Amino acid sequence: MYSGGGGIMAPSANVKPPGLKNVGIEQRLDAQVPGDLVFRDETGKAVKLGDYFGKRPIVLSLVYFRCPMLCSEVLAGVEASLKAISFNPGKDFDVLTVSFDPKDTPESATEKKAEMLKRYRREGASGAWHFLTGPQESIDALTQAVGFQYQYDQSTDQFAHTTGLMILTPEGKIAQYYYGVEFPARDVRLGLIQASQGKIGTLADQVLLYCYHYDPKTGKYSAMINRMIQLGGGLTVLSIGTVLLVLLRRGSDSELRGHGRA
């Protein structure tokens, strides 16, 4: 979808591009992605989506590999976001990029994977970022499960589609949606932590999750002022208590020294 100034605009949740039917994203939060759907990875090996479940959170993107523009922008946005966070693929999360074009082949998936890994340059990425192609029935079942709606234009042999990515829990349930072609690294990091149920990330990340709330309507995290005030108040009380404790101890030490001289 394009803006009047020529730039790419990110569609809002549940908003379809003007003049196009059956194009958009309808959120299916907490829905289970079918694990029995069969695809082929970039090596041509038959795999089931469930083969990637049960380990780590998953960053899922739906594209097609011969897309002339938007899909490359989406993958560039995914790569840039993942590069900006300290989590490592294969250890903290996995990535699935699935084509919704049944004409795409493992060979085209191999080319796209090589292109992205050359840019990403993160240890472990080769074995953790998977590029899948598959038959129409598997594509239909996956896109319906995640609410991804697209439309084929026979006159141009291209697809009209929206853009975004999803984060799945390790069990394959949809945890979050992010819209557009650029994905803030902070949001993706917090999304992965939340999807992992706190199994990855630091104490500071847990504090951020306490202070920030994921808004499904915007696909972003926003500050929860009340929680930040509560946390700030708690830290203030803790600081005052620490200062008073130090002062009391110093007073006790001085009193003891005074008795010693007497």
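You'll find the structure just up there.
About the criteria used
- Residues numbered from 1 in each chain as written.
- Predicted model: local features only at pLDDT ≥ 70, side-chain atom pairs only at ≥ 80, totals over all residues.
- Heavy atoms only, no water.
- Buried < 20%, exposed > 50% of the residue type's maximum accessible area, 1.4 Å probe, protein only.
- Helix = DSSP H or I, 4+ residues; strand = E, 2+ residues; numbered from the N terminus.
- Pairing = 2+ DSSP bridges.
- Right-handed = clockwise from strand over helix to strand, strands pointing away.
- Axes fitted to C-alpha atoms, helices over the stretch in contact; angles between N-to-C directions.
- Contact = heavy atoms within 4.5 Å.

Looking at this structure, I do not really get the pairing of strand 5 (residues 94–99). What am I missing?
Every regular strand shows the same layout, with side chains that alternate between the two sheet faces. Of all six residues making up strand 5, six are buried, and the element is well covered by its neighbours. Because side chains alternate across strand 5, one face comprises the buried residues Asp94, Leu96 and Val98, and the other comprises Val95, Thr97 and Ser99, equally buried. Bridge analysis of strand 4 (residues 58–63) against strand 5 gives six bridges, and the strand direction is parallel. By the bridge assignment, valine 63 is partnered in strand 5 with serine 99. Each parallel crossover has a hand, and for strand 4 linked through helix 1 (residues 70–84) to strand 5 it is right-handed. Bridge analysis of strand 5 against strand 6 (residues 129–132) gives four bridges, and the strand direction is parallel. Its bridge partner lying in strand 6, threonine 97 is registered against phenylalanine 131.

Explain the sheet that holds strand 4 to me, please; I cannot follow it from the model alone.
The strands that make up a sheet are held in pairs by hydrogen bonds between backbone atoms, and each pair lies either parallel or antiparallel. Here five strands make up an open sheet; going across it, the order is 6-5-4-9-10 and the pairing mixed. The open sheet has two free edges, formed respectively by strand 6 and strand 10 (174–179), since each of these has just one partner strand. Pairs of neighbouring strands in the sheet enclose a mean axial angle of 20°, with direction left out of account. Relative to strand 10, strand 9 (residues 164–168) runs antiparallel, the two sharing five bridges. Bridge pairing in strand 10 links leucine 165 to tyrosine 178. Contacts from helix 3 (residues 136–146) reach strand 4, strand 5, strand 9 and strand 10 within the one sheet, and its direction differs from that of strand 4 by about 115°.

Could you clarify how one ought to interpret the environment of phenylalanine 131 in this entry?
Tracing the backbone shows phenylalanine 131 in strand 6. Looking at phenylalanine 131, the relative accessible area reads 0%, which means it is buried. Distance from phenylalanine 131 to glutamate 111, taken between C-alpha atoms, is 9.7 Å for residues 20 residues apart in sequence. Contact partners of phenylalanine 131, with chain neighbours within four places excluded, come to Arg40, Asp41, Glu42, Phe65, Leu75, Thr97, Ala109, Lys112, Lys113 and Met116.

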